[in-house]
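Architecture and fold: a report
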Amino acid sequence: MSEIRYAYCDGLLGKMLLVADDRGLRSMNFPGSKRAERTQTEWREDSAGFAEAIRQLRAYFAGELTDFDLPLALEGTEFQLRVWQSLRGIPYGETISYGQLATRLGNPKASRAVGLANGSNPIPIIVPCHRVIGSNGSLVGYGGGLENKKALLALESRQRSLISTP
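Residues numbered from 1 in each chain as written. Predicted model: local features only at pLDDT ≥ 70, side-chain atom pairs only at ≥ 80, totals over all residues. Heavy atoms only, no water.

Comments concerning the confidence of the model for the chain
On average, residues of the chain score 88 in pLDDT, and 92% of them are at 70 or above. Looking at the elements of the chain, mean pLDDT is at its lowest for helix α5 (residues 146-157), recorded as 88, and at its highest for helix α2 (residues 78-87), recorded as 96. (pLDDT = per-residue confidence, 0-100. Helix = DSSP H or I, 4+ residues; strand = E, 2+ residues; numbered from the N terminus.)

Below is the structure:
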């Protein structure tokens, strides 16, 4: 088993935990997320090893980066992996519904399953699950919280006025 490393990245949504192994980024967690991962004693902190991921995330939050180019180590079921790969094909600044995503995957009746897979995405933002919305255009279901989803969509649509400031 490869060594697990971690680092933190401060950004638009607070201090995020990044976790990787030798294959690539495994997960990214928002602060206060219901399913946020916690560091383990056997993990090694490695800020230098995450320099490129942090650089790209900061550029994204600054509105200067629209596509990430990082090695990812996604682990999930075959269906989850297909959904997550399809999420990466949603262009920056655009949204689609769960039903549209299910149709893209060849099963228009699988919108609920797509939603569950979307909610299990371990690398939000980079695998842009925030770009999937309800069929009526509503912001539904986001593991990082709906306020964060709203902030990410506002950032991508350049409507920074929608982003609440403390």
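A look at the packing of aromatic side chains
Going through the model one piece at a time under the given rule, you end up with five aromatic pairs. Aromatic pair Y6 and W43: ring centres 6.4 Å apart, planes at 50°, arrangement tilted. Taken as a pair, Y6 in strand β1 (residues 5-11) and W43 in the loop between β3 (24-29) and β4 (44-45) lie far apart in primary sequence, 37 residues in all. Side by side, Y6 and W43 carry an identical accessibility label, which is buried. When the ring of Y60 is compared with that of F61, the centres are 5.5 Å apart and the planes differ by 65°; the resulting orientation is edge-to-face. Taking relative accessible area as the criterion, Y60 reaches 0% and is therefore assigned buried. The buried category is assigned to F61, whose relative accessible area is 7%. Each member of the aromatic cluster is reached from another via a ring pair, and the members are Y60, F61, F68 and Y92. The ring of Y8 carries the charged tip of K15 above its face, separated from the ring centre by 4.9 Å. (Phe/Tyr/Trp six-rings, centres within 6.5 Å; stacked < 30°, edge-to-face > 60°. Buried < 20%, exposed > 50% of the residue type's maximum accessible area, 1.4 Å probe, protein only. Lys NZ or Arg CZ within 6 Å of the ring centre and 35° of its normal.)

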